[in-house]
Amino acid sequence: MSSNGVRTVRPTSAGQLAALQSGQLPRPERVADKVWAIAAPIPEGSVTYTLSYVLVSADSASFSILDPGWDSPVNLDALHRSLGLIGLTLERLSTIVATHHHPDHLGIAATLKAMTGARVVLSREERAVLTHQLSPELRSPASYTPVLEAWGVPVARRAELLAAFARPPVFSDIEPDLMLDNGDVLDLGGHTLTAVATPGHTGGHLCFADDERGLLYSGDHVLPQIHSGFGLGSRPGDKPLPDYLTSLQSLQRFGGYEVLPGHEFRFRGLDARAADICSHHLRRTQRIADLLPELGDAPVWDYARRTHGPGWSRLSGFFLHAALRQTEMQLDLARSGPAVLGALTEAASAGRAG
């Protein structure tokens, strides 16, 4: 994830905004009737917490949690404390919903299911993505070395990438009790959520729309200031960047909703924010397209080195891999021709104007 300095959103939580600016965890807060936002600490990385959402049933006898966060004792303790502050205990947990499989969203679901018997809900496509991501072959040197060679990674840098890629995944397998497809309706006892397929960040990412309350749970698809990466969990044949741009544009019908993201703070201004994210990725892709006459069939490494600026020399391990992978996808899109890139740019501009 990378930070974005463009201010196009209107924060709807002064408490969450202040906590983000001070480097603190936000306190639990009421979002709407029977809806609470709580913070799930992340033990590593530059993003320090996930925003989880507690949806209390109409009769208050049970509750669901959306994106419960990292599987760690620290997060479990934080969950106990947060629930206590809003008068709940884990014994009343009935359903765990995840927008996608990343460990800061789905992570603790298996632990919570074992403790409470709560059912787990995930998209059908994300279940398939998770299976692929856990495949031993995916992380073997035999499969990754040819990729590094094709990318043109200097021999001196390959060992660190191989070591980072071969690390055991920080997420674990889990079999959902319910799998959703685009448009499916999830009844959570007074909360009717419509699943909105938003592939790109991962291949099976879902947003959830609560039409009655005017809320959109956006996971990592749309964040108020951070540019989420794309292709961070996909299957062979997927096209994460075009999918991500198309998914952003598909959210226009929720433009008036309050956005409840997976990180940072709640906000309004979805249309403008989605258009900004589209423009950001299209600008980066256009910079690569501008290099095509000069670099031609040069490997991904050369394009990434030329387009990442001063920060390029500081990238290592996973972050270097992610930069190369996303450059590869941007290069593929740039090579698809000016007509395709122009159509996507025009659609993003239309979204901004709307």
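Q: Please set out the overall build of the chain residue by residue, giving values where relevant.
A: Helices and strands together make up the secondary structure of the chain, namely eleven helices and 16 strands. The C-alpha atoms of the chain give 20 Å as radius of gyration, which agrees with the globular expectation for 354 residues (20 Å, within 12%). Counting only carbon and sulfur atoms, one obtains 54% of the accessible surface of the chain, whose full area is about 14800 Å². Once the 31 positive and 37 negative side-chain charges of the chain are each reduced to a mean point, those two points are 5 Å apart.

Q: I'd love a proper account of the nonpolar core, names of residues and values included.
A: L216, V222, L248, L251, F254 and L270 are the most contacted members of the largest nonpolar core, which has 25 residues in total. Looking at this core, the elements that each hand over two or more residues are strand 12 (206-210), helix 7 (240-249), helix 8 (270-295) and helix 10 (317-335). Excluding residues that lie within four positions of it along the chain, L270 makes contacts with L216, V222, L251, F254, G255 and V259. In terms of nonpolar packing, the next biggest core, distinct from the first, is built from 24 residues, L88, I108, L130 and I174 among them.

Q: Outline the pattern of salt bridges, listing residues and values.
A: Under the criterion given, the structure shown has eleven salt bridges. With a shortest N-O distance of 2.5 Å, R266 and E29 are connected by a salt bridge. Of the two residues, R266 sits in the loop between strand 15 (258-261) and strand 16 (267-268) while E29 sits in strand 3 (residues 29-32), which places them 237 residues apart along the sequence. A single burial state applies to R266 and to E29, both of which are buried. With a shortest N-O distance of 3.1 Å, D181 and R124 are connected by a salt bridge. Placement of the pair is D181 in the loop between strand 9 (178-180) and strand 10 (185-187) and R124 in helix 4 (residues 124-133), with a sequence separation of 57 residues. Since its relative accessible area comes to 33%, D181 is described here as partly exposed. Each of E29, E258 and R266 takes part in a single network of salt bridges with overlapping partners.

Q: Account for unusual backbone geometry, with residues named and values stated.
A: Notably, S60 is not glycine yet its phi reads approximately 65 degrees, a positive angle. At E264, a position not held by glycine, the phi torsion is positive, near 75 degrees.

Q: For the confidence of the model for the chain, give the residues involved together with the corresponding values.
A: Mean pLDDT over the chain works out to 92, with 93% of the residues at or above the 70 mark. Counting interchain partners and residues more than four positions distant, the pLDDT-below-50 stretch residues 1-6 has 18 contacts.

Q: Residue-level account of the sheet that holds strand 9, with values.
A: Taken together, the seven strands give an open sheet; going across it, the order is 3-4-5-6-7-8-9, and neighbouring strands pair in mixed fashion. Among the strands making up the open sheet, the edge pair consists of strand 3 and strand 9. Adjacent strand axes in the sheet meet at a mean angle of 25 degrees, parallel and antiparallel pairs treated alike. For strand 6 (residues 63-66) and strand 7 (residues 93-97), the ladder comprises four bridges, and the chain directions are parallel. Directly across from S64, in strand 7, lies its bridge partner T95. Along the sheet face, helix 1 (residues 14-22) touches strand 3, strand 4 (35-41) and strand 5 (49-56) and points at about 160 degrees away from the line of strand 5. Each of strand 8 (119-123) and strand 9 is contacted by helix 4, which is oriented at about 90 degrees to strand 8, the strand it contacts most.

Q: Go over the packing of aromatic side chains, please, and point to the residues and values.
A: Considering all chains together, one arrives at six aromatic pairs under this definition. Both rings, one in Y144 and one in W151, keep their centres 6.5 Å apart while their planes meet at 90 degrees; by these two values the pair is edge-to-face. Residue classification places W151 among the buried residues on the basis of a relative accessible area of 2%. Aromatic pair F254 and Y257: ring centres 5.3 Å apart, planes at 70 degrees, arrangement edge-to-face. Chaining the aromatic ring pairs together yields one cluster made of Y144, W151 and F165.

Q: Kindly report on the pairing of strand 5, identifying the contributing residues and their values.
A: Counted residue by residue, strand 5 has eight buried out of eight residues, so it is predominantly covered. Neither face of strand 5 is exposed, since Y49, L51, Y53 and L55 on one face and T50, S52, V54 and V56 on the opposite face are all buried. Two elements, strand 4 and strand 5, share seven bridges in a ladder whose sense is antiparallel. The partner of W36 across the bridge, within strand 5, is V54. In the sheet, strand 5 pairs with strand 6 via four bridges, with the strands oriented antiparallel.

Q: Lay out the side chain of T99 with the relevant residues and their values.
A: Examined against the element boundaries, T99 turns out to sit in the loop between strand 7 and helix 3 (109-116). For T99, the side chain forms a polar contact with the side chain of H100, separated by 2.8 Å. When neighbours within four sequence positions are excluded, T99 is seen to be in contact with L66, D67, H105, G204, H205, L206, F208 and G219.

Analysis parameters
- Residues numbered from 1 in each chain as written.
- Predicted model: local features only at pLDDT ≥ 70, side-chain atom pairs only at ≥ 80, totals over all residues.
- Heavy atoms only, no water.
- Helix = DSSP H or I, 4+ residues; strand = E, 2+ residues; numbered from the N terminus.
- Rg over C-alpha atoms; globule rule 2.2 N^0.38 Å.
- Areas by Shrake-Rupley, 256 points an atom, 1.4 Å probe, with all protein chains shown as cover.
- Lys, Arg positive; Asp, Glu negative; His and termini not counted.
- Charge placed at Lys NZ, Arg CZ, Asp CG, Glu CD.
- Core = buried A, V, L, I, M, F, W, Y, C linked by side-chain atoms within 4.5 Å.
- Buried < 20%, exposed > 50% of the residue type's maximum accessible area, 1.4 Å probe, protein only.
- Contact = heavy atoms within 4.5 Å.
- Salt bridge = Lys/Arg side-chain N within 4 Å of Asp/Glu carboxyl O.
- pLDDT = per-residue confidence, 0-100.
- Pairing = 2+ DSSP bridges.
- Axes fitted to C-alpha atoms, helices over the stretch in contact; angles between N-to-C directions.
- Phe/Tyr/Trp six-rings, centres within 6.5 Å; stacked < 30°, edge-to-face > 60°.
- Polar contact = N/O pair within 3.5 Å; in protein donor to acceptor, adjacent residues only side chain to side chain.

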